[in-house]
Protein chains: 2
Amino acid sequence: MPYTYEFARPNLTVDCVVFGLEEENYRKRSPDEPPLQLKILLIERNLPPFKGEWALPGGFVRVEESLDQAARRELREETGIEEVFLEQLYSFGEVNRDPRERVVTVAYYALVNLWKYRLQAATDASDARWFPISQLPPLAFDHDQIVTVARQRLQGKLRYEPIGFELLPEKFTLTQLQRLYETVLAAELDKRNFRKKILNMDILVALDEVQQDVAHRAARLYRFDEEKYRQLKEKGFNFQI
Amino acid sequence: MPYTYEFARPNLTVDCVVFGLEEENYRKRSPDEPPLQLKILLIERNLPPFKGEWALPGGFVRVEESLDQAARRELREETGIEEVFLEQLYSFGEVNRDPRERVVTVAYYALVNLWKYRLQAATDASDARWFPISQLPPLAFDHDQIVTVARQRLQGKLRYEPIGFELLPEKFTLTQLQRLYETVLAAELDKRNFRKKILNMDILVALDEVQQDVAHRAARLYRFDEEKYRQLKEKGFNFQI
DNA sequence: ACTTTAGGTGTAATTCATACACTTATTATA
DNA sequence: TATAATAAGTGTATGAATTACACCTAAAGT
């Protein structure tokens, strides 16, 4: 069923940089390896061009769906991931970014709670795999450039909006949260100052629960109060770290 | 010369929100009207859909040009504007944003020095016109939404990067610069604190010149030192206002 | 000469960010 | 069961940055 147009049209695709945060197993890691790792989800291409190489999940935008819908659909189809934080990143349109055809891609980035999705991702017997951001394989097309832009955006965003909870389990400790910030921002933060700041934002709820099964004093668990966050955001409150 | 594809493809366009800053004539303006006005450049459509309405300058992306090139080409063709600050804004891809066909647009925003371009724009006998941002006519398509996003972006950008010089003449006074910030940010700033901050950034060069033909003490003129700005930016310097 | 207009300048008070160290609770182990 | 090991949890003093604020100066107009 071919489609004919008066003028040539570029292909239009969406691609997703999916970030996840993995807690490294204590046994396995060496003493100075970080306890958390930022990872992204890649798909092994089984079609040319770049067959056999790794690429961002994505695909063609259909005429009956919006860009956001296309990004969510591709994410669901290729990785089984649904209902995650997803935001448009940037559009990449260099003429030769695909060696064969003109393809313009609208890139998105997503934040995935790996505590929730790890199981599911494993069961979807697919060619998808999580890679530590510091050990990515060579990527197809200009996807390394897209990943670079996405990392910068994630850093910038995290500095100004409390977005990190998307990457953590529902109940988390302040230390986990701090490690998340340190991992993404690639900087060490002062424990007391971090806690002061984040608790002062008044968007965390201290639960009547503590960590289980830890070989030391158990930390209190918190959850993110999204409702309160929206109210404060409404009022122009500043969430800078 | 028709083009045939296996699958339907959305149209792909670029649109530009072109910002300019106009100094209002003293005689004409009422006492409490602001001395500077932020304006955007619109084109009157002479084809359906939305024939006769005003729209952002823009047009189809050709297969042999990048998105950035397309934006600059359209700007040149439709408004005669060249070599201005131009940055990608966001891509808009709702299914029905064009009532007749599926069109995805990559929006850009541009900053134009009206002291330099006013004459030129006048000579290009075209259907382009500058409108004060507070008195825009009804816009075609979803262009009002694009303008809203562009205004937010301009505000955000101006707060964190010394981008405002693009809107001013090469030589300007500190008061002009302050008015620019006040106009774009829609906020009053303290004169002494503003000067302290902007001069401390060390990106302005005080010239040995003062304003001419003013009916009061003439203000010193400054210019933006782009070279120094790049060096400081390199080092991660913070330009927040 | 006087009025009008905008230019130009410094300091004190307050707020915010930073640096920093010890006690507590829990489990593991000797 | 005492002790070691581990991370949790907590407050203050110092310095830096931001804010608020008012008067004199220079030039042209009347």
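Preceding this section is the structure that the text describes.
Below: a short report on this structure. (Residues numbered from 1 in each chain as written. Chains lettered and ligands numbered in written order. Predicted model: local features only at pLDDT ≥ 70, side-chain atom pairs only at ≥ 80, totals over all residues. Heavy atoms only, no water.)

Considerations on the side chain of Asn 113 of chain B
Residues and elements named next belong to chain B. Looking at where Asn 113 falls in the secondary structure, it is placed in the loop between strand 7 (103-112) and helix 2 (114-123). There is a polar contact of 2.8 Å between the side chain of Asn 113 and the backbone oxygen of Leu 168. In this view, Asn 113 contacts Glu 166, Leu 167, Leu 168, Pro 169 and Glu 170; residues no more than four positions away in its chain are not counted. (Helix = DSSP H or I, 4+ residues; strand = E, 2+ residues; numbered from the N terminus. Polar contact = N/O pair within 3.5 Å; in protein donor to acceptor, adjacent residues only side chain to side chain. Contact = heavy atoms within 4.5 Å.)

Re unusual backbone geometry
Look at the link from Pro 48 of chain A to Pro 49 of chain A: it is a cis peptide, with omega at -5°. By the secondary structure assignment, Pro 49 of chain A is in the loop between strand 3 (36-44) and strand 4 (54-55). The phi angle at Phe 50 of chain A is positive, at roughly 65°, despite the residue not being glycine. Considering the arrangement of structural elements, one finds Phe 50 of chain A in the loop between strand 3 and strand 4. Classification of Phe 50 of chain A by relative accessible area gives partly exposed; the value is 27%. In the Ramachandran plot, Glu 83 of chain B falls in the positive-phi region, its phi being about 55° despite a non-glycine side chain. Secondary-structure assignment places Glu 83 of chain B in the loop between helix 1 (67-79) and strand 6 (85-92). (Buried < 20%, exposed > 50% of the residue type's maximum accessible area, 1.4 Å probe, protein only.)

Describing the interface of chain A and chain B
Taken together, the contact between chain A and chain B spans 31 residues of the former and 31 residues of the latter. Overall, the association of chain A and chain B removes approximately 2700 Å² of surface from exposure, summing both partners, and the carbon and sulfur fraction of that is 53%. For the interface between chain A and chain B, the tally reads 2 salt bridges. A salt bridge links Glu 101 of chain A to Arg 9 of chain B; the nearest nitrogen and oxygen atoms lie 3.2 Å apart. Counting only elements with at least two residues in the side of chain A that touches chain B, the list comes to strand 1 (3-5), strand 2 (11-23), strand 6 (85-92) and strand 7 (103-112) of chain A. Here the element with the most residues in the side of chain A that touches chain B is strand 6 of chain A; it accounts for 4 residues. Of the residues that constitute the side of chain A that touches chain B, the class distribution is 17 nonpolar, 6 polar and 8 charged. (Buried area = accessible area lost by both parts, 1.4 Å probe. Salt bridge = Lys/Arg side-chain N within 4 Å of Asp/Glu carboxyl O. Nonpolar A, V, L, I, M, F, W, Y, C, P; charged D, E, K, R; others polar.)

Overview of the environment of Arg 97 of chain B
Residue and element names in this part refer to chain B. The residue Arg 97 is located in the loop between strand 6 and strand 7 in this model. Not counting residues up to four positions away in its chain, the partners in contact with Arg 97 are Asp 15, Phe 92, Val 103, Val 104, Thr 105, Phe 141, Asp 142, His 143 and Ile 146. Within the local environment of Arg 97, its side chain forms a polar contact with the side chain of Asp 142, the two groups lying 2.8 Å apart.

Points about the pairing of strand 2 (residues 11-23) of chain B
Residues and elements named next belong to chain B. Most of strand 2 sits out of view: 12 of its 13 residues are buried. Here 10 bridges tie strand 2 to strand 7, and the two strands are oriented parallel to one another. Its bridge partner lying in strand 7, Asn 11 is registered against Val 103. Taken together, the 3 bridges between strand 2 and strand 5 (residues 58-60) define a ladder with antiparallel strand orientation. Bridging across to strand 5, Thr 13 finds its partner in Phe 60. As paired elements, strand 2 and strand 3 (residues 36-44) share 5 bridges and run antiparallel to each other. Pairing of Glu 23 across the sheet is with Leu 36, part of strand 3. (Pairing = 2+ DSSP bridges.)

So, the protein's contact with DNA strand D
The full set close to DNA strand D counts 18 residues, and Thr 175, Lys 191, His 216 and Arg 220 of chain A together with Arg 217 of chain B are the nearest of them. Considering the 4 Å shell around the protein, atoms of DNA strand D inside it are sugar or phosphate in 40% of instances. Take Asp 190 of chain B: an N or O atom from its side chain is 3.3 Å from a base nitrogen of DNA strand D. Residue Lys 196 of chain B places a side-chain N or O atom 3.0 Å away from a base oxygen belonging to DNA strand D. Considering every element that reaches the surface near DNA strand D, the biggest residue donor is helix 5 (residues 191-200) of chain A, with 4 residues. Here the residues of the surface near DNA strand D sort into 4 nonpolar, 4 polar and 10 charged. (Near = heavy atom within 4 Å.)

Some remarks on the layout of surface pockets
Its volume calculated, the largest pocket comes out at about 2200 Å³. Looking at the largest pocket, it is lined by 47 residues, and the ones nearest its centre are Arg 153, Lys 157 and Tyr 160 of chain A together with Arg 153 and Gly 156 of chain B. Counting residues per element, the ones that place at least two in the lining of the largest pocket are helix 1 (67-79), strand 6, helix 3 (143-160) and helix 6 (226-234) of chain A together with strand 6 and helix 3 (143-160) of chain B. In terms of residue class, the lining of the largest pocket is made up of 15 nonpolar, 17 polar and 15 charged. (1 Å grid on protein atoms, 1.4 Å probe; cavity = no way out; pocket = protein on both sides within 12 Å on 5 of 7 lines; lining within 4 Å. Points joined across faces, edges and corners; volume = space filled by probe spheres on them.)

As for the protein's contact with DNA strand C
Around DNA strand C, 18 residues are found, and the nearest of them are Arg 217 of chain A together with Thr 175, Lys 191, His 216 and Arg 220 of chain B. One nitrogen or oxygen atom from the side chain of Lys 191 of chain B is found 2.7 Å from a base nitrogen belonging to DNA strand C. At a separation of 3.1 Å, a base oxygen of DNA strand C approaches a polar side-chain atom of Lys 196 of chain B. Among the secondary structure elements, those contributing two or more residues to the surface near DNA strand C are helix 5 of chain A together with helix 5 (191-200) of chain B.

Structural notes on the relation of the copies chain A and chain B
Relative to chain B, chain A is turned by 180° and slid 0.0 Å along the rotation axis, the superposed coordinates differing by an RMSD of 0.1 Å. What the superposition gives is, in effect, a two-fold axis relating one chain to the other. Minimal C-alpha separation from the rotation axis in chain A is found for Thr 4 of chain A, amounting to 2.1 Å. Taken together, the interface assignments show that 100% of the residues at the interface of chain A recur at the interface of chain B, consistent with an identical surface on both copies. (Least-squares fit on C-alpha atoms with pLDDT ≥ 70 in both.)

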